[in-house]
Amino acid sequence: MHSSRKAAADLYWIPLGAGGHCVRFNGRVFEAIEAARRHRPRRDLYHAALVIELDGDRYTIEVAPSPDADEAHRGVVATGAVGSRYVGWLRLFRYEVRRWRGGSIADLGAAVGGPHRLSSDPRVARRLLDAATIVPAPVWGRDELETGEMWNSNSVAAWLIATAGLSTHDLRPPPHGRAPGWHAGLEVARRGQASPRSEPAEQWPPPSPSVRTSRPAAV
């Protein structure tokens, strides 16, 4: 998949459950409970995803359920448990972070407002792709990292954007919408930037990444 541009990094806001009635229903139930608990109106929920173009290649970065063991085909760079580490060894309760060269994102066409351009700088595109290989993979739907908010796909997108050095001040979902988990990603990125750590290697194209797996805790 080729492009006339040298580089591009785009953020997409996809309505939660755009192509799945079960996910959409569960999301509405979750938002109804949260709205009632916080005494505020209900809002539309969104799932953030990234599309990166660099040197004629197109990469998709998102968090998704783990359908099978062929992780290399989908560019999986990390996996984690869903809900609890005690059941994370079951594929049904695992998620994966994909940095998929030539990959696709389900329901990308349903994204509200289309692509939101983050940068056209090749260096930024490289930083985003490199950062995907070191993204945290705590339990999905829990606040293991103590940020005050659960970790999910929005957390990953926010963490990547902030870690790549881009401003997140003006990034927000469409009107009357919210992206649960976004703050968690920003907070964890802030902590990482405040602590010394090694920078990603400058090797490019990157080698085939090894998949990092968060193992279930011993019972």
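Scroll up to find the structure.
Nothing here was measured: the structure is a model prediction, and the numbers come from that model.

**Structural notes on the overall build of the protein chain**
Part 1 of the reasoning: If you tally the helices and strands in the protein chain, you get 4 helices and 8 strands.
Part 2 of the reasoning: Starting at the N terminus, the α and β elements of the protein chain follow one another as β-α-β-β-β-β-β-α-α-β-α-β.
Part 3 of the reasoning: In the structure as shown, the protein chain presents an accessible area of about 11,700 Å², 55% of it carried by carbon and sulfur atoms.

**Considering helix 3 (residues 153-163)**
Part 1 of the reasoning: Of all 11 residues in helix 3, 11 are buried, a share of seventy percent or more.
Part 2 of the reasoning: Within the span of helix 3, buried status applies to S153, N154, S155, V156, A157, A158, W159, L160, I161, A162 and T163.
Part 3 of the reasoning: Of the residues that open helix 3, the one with a side-chain oxygen 3.0 Å from the backbone nitrogen of N154 is N152.
Part 4 of the reasoning: Phi turns positive one or two residues past the end of helix 3, at G165, with a value near 90°.

**Focus: unusual backbone geometry**
Part 1 of the reasoning: Unlike most non-glycine residues, D55 shows phi in positive territory, near 50°.
Part 2 of the reasoning: Relative to the elements of secondary structure, D55 occurs in the loop between strand 2 (44-54) and strand 3 (57-65).
Part 3 of the reasoning: With a relative accessible area of 49%, D55 lands in the partly exposed category.
Part 4 of the reasoning: Phi at H176 takes a positive value of approximately 65°, unusual for a residue other than glycine.
Part 5 of the reasoning: Mapping H176 onto the fold places it in the loop between helix 3 and strand 7 (177-178).
Part 6 of the reasoning: Relative accessible area serves as the criterion here: at 68%, H176 is assigned to the exposed category.

**Thoughts on the environment of T147**
Part 1 of the reasoning: Among the structural elements, T147 can be located in the loop between helix 2 (122-131) and helix 3.
Part 2 of the reasoning: With a relative accessible area of 12%, T147 lands in the buried category.
Part 3 of the reasoning: Here the alpha-carbon distance between T147 and E187, two residues 40 residues apart in the chain, equals 6.5 Å.
Part 4 of the reasoning: Ignoring any residue separated from it by four or fewer positions in sequence, one finds T147 in contact with H183, A184, E187, V188 and R191.
Part 5 of the reasoning: At a separation of 3.0 Å, a polar atom in the side chain of T147 contacts the main-chain carbonyl oxygen of E149.

**A short note on the environment of V76**
Part 1 of the reasoning: Tracing the chain through its elements places V76 in strand 4 (residues 76-81).
Part 2 of the reasoning: V76 sits in the buried class, given a relative accessible area of 2%.

**Some details on the pairing of strand 5 (residues 94-101)**
Part 1 of the reasoning: The buried fraction of strand 5 is high, at 7 of 8 residues.
Part 2 of the reasoning: The pairing of strand 3 with strand 5 spans 7 bridges and is classified as antiparallel. Looking at strand 5, one finds that I61 is bridged to R99.
Part 3 of the reasoning: Note: strand 4 against strand 5, 5 bridges, orientation antiparallel. Each residue of the ladder has a partner; that of V76, found in strand 5, is R98.

Procedures and definitions
- Residues numbered from 1 in each chain as written.
- Predicted model: local features only at pLDDT ≥ 70, side-chain atom pairs only at ≥ 80, totals over all residues.
- Heavy atoms only, no water.
- Helix = DSSP H or I, 4+ residues; strand = E, 2+ residues; numbered from the N terminus.
- Areas by Shrake-Rupley, 256 points an atom, 1.4 Å probe, with all protein chains shown as cover.
- Buried < 20%, exposed > 50% of the residue type's maximum accessible area, 1.4 Å probe, protein only.
- Polar contact = N/O pair within 3.5 Å; in protein donor to acceptor, adjacent residues only side chain to side chain.
- Contact = heavy atoms within 4.5 Å.
- Pairing = 2+ DSSP bridges.

All we've got here are geometric facts, nothing functional implied.
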